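The residues making up each chain are set out below.
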Amino acid sequence: MDLAFILAAAEAVKHEKSEVPFFICGGLLASYAVLISVFGFKRPAFPETAAAARGVMSVGALLVGMAISAAIYVAL
């Protein structure tokens, strides 16, 4: 093969970022949502205290932020 052809083909190939970080963060968020739903159905008083409720919401917000950040990273 001609070296110029190989170099032109290498330039034409666009390197895309891996979507794995988004899939991992999205999977964690979905799993967390399912777990919170199961705990909520099994224990109507879940979470029992205000501090526990803030903790649950904080973890949820962190996972949403991670998923959004990963989506932006993949898109740009």
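Details of the structure are given in the entry above.
Residues numbered from 1 in each chain as written. Predicted model: local features only at pLDDT ≥ 70, side-chain atom pairs only at ≥ 80, totals over all residues. Heavy atoms only, no water.

A. Focus on the overall build of the protein. Each helix and strand counted, the protein has 3 helices and 0 strands in total. What you see in the protein, going N to C, is helices and strands ordered as α-α-α. Over its C-alpha trace the protein gives a radius of gyration of 21 Å, far above what one expects of a compact globule, namely 11 Å for 76 residues. Overall, the C-alpha framework of the protein stretches about 70 × 20 × 10 Å when taken along its three principal axes. Counting over 76 residues, the protein shows a buried share of 8%. (Helix = DSSP H or I, 4+ residues; strand = E, 2+ residues; numbered from the N terminus. Rg over C-alpha atoms; globule rule 2.2 N^0.38 Å. Buried < 20%, exposed > 50% of the residue type's maximum accessible area, 1.4 Å probe, protein only.)

B. Local environment of the environment of Pro-47. Tracing the chain through its elements places Pro-47 in the loop between helix 2 (20–42) and helix 3 (50–75). Along the chain, Pro-47 and Leu-28 lie 19 residues apart, while their C-alpha atoms are 20 Å from each other. Residues in contact with Pro-47, not counting those within four places in the same chain, are Ala-52, Ala-53 and Val-56. (Contact = heavy atoms within 4.5 Å.)

C. Structural view of the packing of aromatic side chains. Applying the stated criterion across every chain, the model contains 2 aromatic pairs. Taken together, a centroid distance of 6.0 Å and an interplanar angle of 50° make the contact between Phe-22 and Phe-23 tilted. Given the relative accessible area of 33%, Phe-22 is considered partly exposed. (Phe/Tyr/Trp six-rings, centres within 6.5 Å; stacked < 30°, edge-to-face > 60°.)

D. Inspection of helix 3 at higher detail. Between its first and last C-alpha, helix 3 extends 37 Å over 26 residues, near the 38 Å set by a 1.5 Å rise per residue. Those residues of helix 3 lying buried are Gly-60, Leu-63, Ala-67 and Ala-70. Next to the buried residues of helix 3 lie helix 2. (Expected span 1.5 Å × (residues − 1).)

E. Here's a closer look at the packing of helix 2 against helix 3. Viewed as axis vectors pointing N to C, helix 2 and helix 3 meet at an angle of 155°, and their least axial separation amounts to 8 Å. Overall, the two elements helix 2 and helix 3 adopt an arrangement that is roughly antiparallel. The handedness of the crossing between helix 2 and helix 3 is left-handed. Side by side, helix 2 and helix 3 meet where Pro-21, Phe-22, Cys-25, Leu-28, Leu-29, Tyr-32 and Ile-36 of the first sit next to Val-56, Val-59, Gly-60, Leu-63, Val-64, Met-66, Ala-67, Ala-70, Ala-71 and Val-74 of the second. (Axes fitted to C-alpha atoms, helices over the stretch in contact; angles between N-to-C directions. Parallel < 35°, antiparallel > 145°, perpendicular 65-115°, else oblique. Left-handed = near helix turned anticlockwise from the far one by under 90°.)

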